[in-house]
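These are the residues of each chain, in order.
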Amino acid sequence: MNPQEKAMYDILLLTPGPTPLPLTVRAALERPILHHRTDEFGIVFRELLAGLQDVYRTKNKVLVMTCSGTGAMESSVVNLLSPGDRALVHSTGAFGDRFAEILRAHGLEPVVLSEEWGHAADPERLRKALRSEKGLKACFFQHTDTSTGIVNDLKALSAAVREGSDALVVVDAVSGLAAEELETDAWGLDAVLSASQKGLMCPPGLAYAALSPRALKACAAAKLPRFYFDWRTMLKSIDKAETPYTPCVPVIVAQVEALRLIREEGLENVWKRTAELAAYARKELSGMGLRLFARDASDILTAAWLPEGTDGRALLRAMRTEDRICFGGGQEKLAGKIVRVAHMGAITRADLDRGLAVLRRRLAKAHA
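Since the model is a prediction, treat every value here as computed from it, not as a measurement.

Here we look at empty space enclosed by the protein
Enumeration over the complete set of coordinates arrives at 2 cavities of 30 Å³ or more. Its volume calculated, the largest cavity comes out at about 100 Å³. For the largest cavity, the full set of lining residues is Val 64, Met 65, Thr 66, Tyr 228, Met 234, Thr 243, Pro 244, Tyr 245, Thr 246 and Pro 247. If one sorts the elements of the lining of the largest cavity by residue count, strand β2 (residues 61-66) sits on top with 3 residues. One number sums up the size of the second largest cavity: a volume of about 40 Å³. Around the second largest cavity, the lining residues are Gly 149, Arg 282, Leu 292, Phe 293, Ala 294, Ala 297, Leu 301, Thr 302 and Ala 303. Ranked by residue count, the leading element in the lining of the second largest cavity is strand β11 (residues 301-305), at 3 residues. Residue classes in the lining of the second largest cavity are distributed as 6 nonpolar, 2 polar and 1 charged.

Following this line, the structure appears as structure tokens:
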């Protein structure tokens, strides 16, 4: 790699995804590629499934898809619902709104319960909605929402659903898995979706779905059109340690290595480390005079308001192109108004110190 190419890739990611890769995960990506219809691949694939069950805290089946996290979200809609089914989306930001958009794209009209951005889903509001909205087939939630930096109390939300309906509990844990506490089986979650590029410390390319027996039963009866995302086809392939179609083999190999690192550290220790980094980031950002955005803050990232008059887009672009530090900016109505600092996966305190020092310097210069 020449110096110009090296400069292009020499950038610190403190974004909500993709996140930095551990060195051994990067090395795993360089291994010779396996053919996906061989015994050798089957060994690796079984390791992947076992490791995913560990981080999901589930004994149930986990499916593997080659797509983004949004693909996993869409797969849950087409595999669990039929035309005319009623569903509720409890939205806490852009990704909850995305669930509603996916449902509408498939001809369904969801009941949408929206919280103020920065606030977690309120179980009492959910209970009231469930009392008035009868016949719901599924309720859709976020574990964490990276657009706002919140974490939802999935245990309480799932309990509220169980008290008031027979609806399936469907969770987008794309950003929260292996970073925030999540107990798939113990909390009664039916379909939990995730992806490789955030807390799971891999490149983008893979998505996952952990499915309860209730979700498998619903999948068998669902009538929405599906082909590539048909969980029934995936379930048949799992018994042969395969995927139905060509998977992203290098990322599967790398994901096995990342899961090994998580197992070696201990999942509870990963949660604890991420929480400590979150507390540190909030303290440092507050020390700069920045007002934190989320009332119900997650451990995966911290969102903070930029000072009045700051051109947030220009600030983050200059940091990325000149300082080689990449933060997340605001999405949709928050574009240019907030900064989002990730501290999940392989991000370290030294990484935070490096990035926050540049942010502090840039803000001081801009508002001198």
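Thoughts on the pattern of salt bridges
For the structure shown, the criterion picks out 23 salt bridges. For the salt bridge of Asp 190 with Arg 214, the shortest nitrogen-to-oxygen distance reads 3.2 Å. Residue Asp 190 is found in the loop between β8 (168-172) and β9 (191-195), and its partner Arg 214 is found in helix α8 (residues 213-221); the two are separated by 24 residues along the sequence. The partner of Asp 323 in a salt bridge is Arg 361, with the nearest N and O atoms 3.0 Å apart. With a gap of 38 residues between them, Asp 323 in helix α12 (residues 312-323) and Arg 361 in helix α13 (residues 349-366) connect regions that are remote in the sequence.

Considering the layout of surface pockets
Considered as a void within the structure, the second largest pocket measures approximately 250 Å³ in volume. Surrounding the second largest pocket, 18 residues form its lining, Phe 95, Arg 98, Thr 146, Val 174 and Lys 198 being those nearest its centre. Mapped onto the lining of the second largest pocket, the elements with two or more residues apiece are α4 (69-80), α5 (94-105) and β6 (144-145). Looking at the lining of the second largest pocket, the element that brings in the most residues is α4, giving 3 residues. When its residues are assigned to classes, the lining of the second largest pocket shows 4 nonpolar, 9 polar and 5 charged.

Considerations on the sheet that holds strand β3 (residues 86-91)
Working definition: the strands of a sheet are paired by backbone hydrogen bonds and lie parallel or antiparallel to each other. Strand order across the open sheet formed by 7 strands is β2-β10-β9-β8-β5-β3-β4, with mixed pairing between neighbours. In this open sheet, the two strands that pair with only one neighbour each are β2 and β4 (111-114). For this sheet, the mean inter-axis angle between neighbouring strands, taken without regard to orientation, is 20°. As paired strands, β2 and strand β10 (residues 206-211) are joined by 6 bridges and run antiparallel to one another. Counted as the bridge partner of Leu 63 is Ala 209 from β10. Taken strand by strand, α4 contacts β2, β5 (136-142), β8, β9 and β10, and its axis lies near 155° from that of β9. Of the strands in this sheet, β3, β4 and β5 are in contact with helix α6 (residues 123-132), which crosses β4 at around 160°.

Structural notes on the pairing of β9
In terms of residue burial, β9 counts as a mostly covered element, since 5 of its 5 residues are buried. Here β9 shows two buried faces, one formed by Ala 191, Leu 193 and Ala 195 and the other by Val 192 and Ser 194. The pairing of β8 with β9 spans 3 bridges and is classified as parallel. The partner of Val 170 across the bridge, within β9, is Ala 191. Bridge analysis of β9 against β10 gives 5 bridges, and the strand direction is antiparallel.

Here we look at the packing of aromatic side chains
Aromatic ring pairs: the centre-centre distance and the angle between the two ring planes describe each pair. Taken as a whole and judged by the stated rule, the model has 6 aromatic pairs. Over the ring of Trp 117 we find Lys 333, and its NZ or CZ is 4.6 Å from the ring centre. Across from the ring centre of Tyr 280, 3.8 Å away, lies the NZ or CZ of Arg 349, which sits over that ring.

What about the nonpolar core?
By size, the foremost hydrophobic cluster in this structure holds 90 residues, and its most contacted members are Leu 52, Leu 81, Phe 140 and Trp 231. For this core, the element with the most residues is helix α10 (residues 249-265), which contributes 10 residues. Setting aside residues no more than four positions away along its own chain, Trp 231 makes contact with Leu 63, Met 65, Ser 75, Ser 76, Asn 79, Leu 80, Ala 191, Ala 209, Leu 211 and Cys 219. Membership of the second largest hydrophobic core comes to 35 residues, among which are Ala 94, Ala 303, Ala 304 and Ile 325.

What counts and how
- Residues numbered from 1 in each chain as written.
- Predicted model: local features only at pLDDT ≥ 70, side-chain atom pairs only at ≥ 80, totals over all residues.
- Heavy atoms only, no water.
- 1 Å grid on protein atoms, 1.4 Å probe; cavity = no way out; pocket = protein on both sides within 12 Å on 5 of 7 lines; lining within 4 Å.
- Points joined across faces, edges and corners; volume = space filled by probe spheres on them.
- Helix = DSSP H or I, 4+ residues; strand = E, 2+ residues; numbered from the N terminus.
- Nonpolar A, V, L, I, M, F, W, Y, C, P; charged D, E, K, R; others polar.
- Salt bridge = Lys/Arg side-chain N within 4 Å of Asp/Glu carboxyl O.
- Pairing = 2+ DSSP bridges.
- Axes fitted to C-alpha atoms, helices over the stretch in contact; angles between N-to-C directions.
- Contact = heavy atoms within 4.5 Å.
- Buried < 20%, exposed > 50% of the residue type's maximum accessible area, 1.4 Å probe, protein only.
- Phe/Tyr/Trp six-rings, centres within 6.5 Å; stacked < 30°, edge-to-face > 60°.
- Lys NZ or Arg CZ within 6 Å of the ring centre and 35° of its normal.
- Core = buried A, V, L, I, M, F, W, Y, C linked by side-chain atoms within 4.5 Å.

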